[in-house]
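As a plain string of letters, each chain reads:
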Amino acid sequence: MIERLLVVNERENEPNAETLAAFAEIDEMKRTGSGQKLHNLEDLWNSLED
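So, a few notes on the structure that sits alongside this text. All values reported here derive from a predicted model rather than from experimental measurement.

1. Here's the deal with the overall build of the protein
A count of helices and strands for the protein gives 3 helices and 0 strands. Taken over 50 residues, the protein has a buried fraction of 0%. About 5000 Å² of surface is accessible on the protein, with carbon and sulfur atoms providing 54% of the total.

2. Some details on the pattern of salt bridges
Here the structure, examined in full by the defined rule, presents 1 salt bridge. Between Arg31 and Glu28 there is a salt bridge, with its nearest N and O atoms 2.8 Å apart. In this pair, Arg31 and Glu28 are both assigned in helix 2 (residues 17-32), 3 residues apart and thus about one turn of the helix distant. Of the residues examined, Arg31 reaches a relative accessible area of 62% and is grouped as exposed.

Definitions and limits used
- Residues numbered from 1 in each chain as written.
- Predicted model: local features only at pLDDT ≥ 70, side-chain atom pairs only at ≥ 80, totals over all residues.
- Heavy atoms only, no water.
- Helix = DSSP H or I, 4+ residues; strand = E, 2+ residues; numbered from the N terminus.
- Buried < 20%, exposed > 50% of the residue type's maximum accessible area, 1.4 Å probe, protein only.
- Areas by Shrake-Rupley, 256 points an atom, 1.4 Å probe, with all protein chains shown as cover.
- Salt bridge = Lys/Arg side-chain N within 4 Å of Asp/Glu carboxyl O.

Structure follows, in C-alpha coordinates:
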(Lines give C-alpha, C1' and ligand atoms only; values in the text may rest on other atoms or scores of the structure.)
Protein backbone atom coordinates (compact mmCIF):
# COMPACT_ATOMS: atom_id res chain seq x y z
CA MET A 1 0.00 0.00 0.00
CA ILE A 2 2.82 2.42 0.83
CA GLU A 3 4.45 1.76 -2.54
CA ARG A 4 1.17 2.58 -4.28
CA LEU A 5 0.88 5.87 -2.36
CA LEU A 6 4.45 6.79 -3.25
CA VAL A 7 3.73 6.25 -6.96
CA VAL A 8 0.61 8.43 -6.77
CA ASN A 9 2.55 11.12 -4.90
CA GLU A 10 5.30 11.09 -7.55
CA ARG A 11 2.72 11.63 -10.31
CA GLU A 12 1.18 14.58 -8.44
CA ASN A 13 4.58 16.28 -8.31
CA GLU A 14 5.09 16.03 -12.08
CA PRO A 15 3.97 19.10 -14.04
CA ASN A 16 1.01 18.57 -16.36
CA ALA A 17 0.83 19.70 -19.99
CA GLU A 18 -0.66 23.10 -19.08
CA THR A 19 2.15 23.80 -16.63
CA LEU A 20 4.81 22.75 -19.15
CA ALA A 21 3.24 25.06 -21.76
CA ALA A 22 3.30 27.94 -19.26
CA PHE A 23 6.99 27.28 -18.53
CA ALA A 24 7.73 27.30 -22.27
CA GLU A 25 5.85 30.60 -22.63
CA ILE A 26 7.86 32.15 -19.80
CA ASP A 27 11.12 30.94 -21.33
CA GLU A 28 10.10 32.49 -24.66
CA MET A 29 9.24 35.81 -23.00
CA LYS A 30 12.61 35.82 -21.23
CA ARG A 31 14.41 34.99 -24.47
CA THR A 32 12.69 37.68 -26.52
CA GLY A 33 12.17 40.27 -23.79
CA SER A 34 8.46 40.37 -24.62
CA GLY A 35 7.18 39.84 -21.08
CA GLN A 36 5.42 42.57 -19.16
CA LYS A 37 7.60 44.13 -16.45
CA LEU A 38 5.96 45.25 -13.24
CA HIS A 39 7.75 47.33 -10.64
CA ASN A 40 5.60 46.60 -7.61
CA LEU A 41 2.53 44.72 -6.40
CA GLU A 42 0.22 47.66 -7.10
CA ASP A 43 1.19 47.50 -10.77
CA LEU A 44 0.47 43.77 -10.72
CA TRP A 45 -3.00 44.21 -9.20
CA ASN A 46 -3.81 46.99 -11.65
CA SER A 47 -2.73 44.84 -14.60
CA LEU A 48 -5.08 42.08 -13.46
CA GLU A 49 -8.03 44.46 -13.46
CA ASP A 50 -7.53 45.37 -17.15
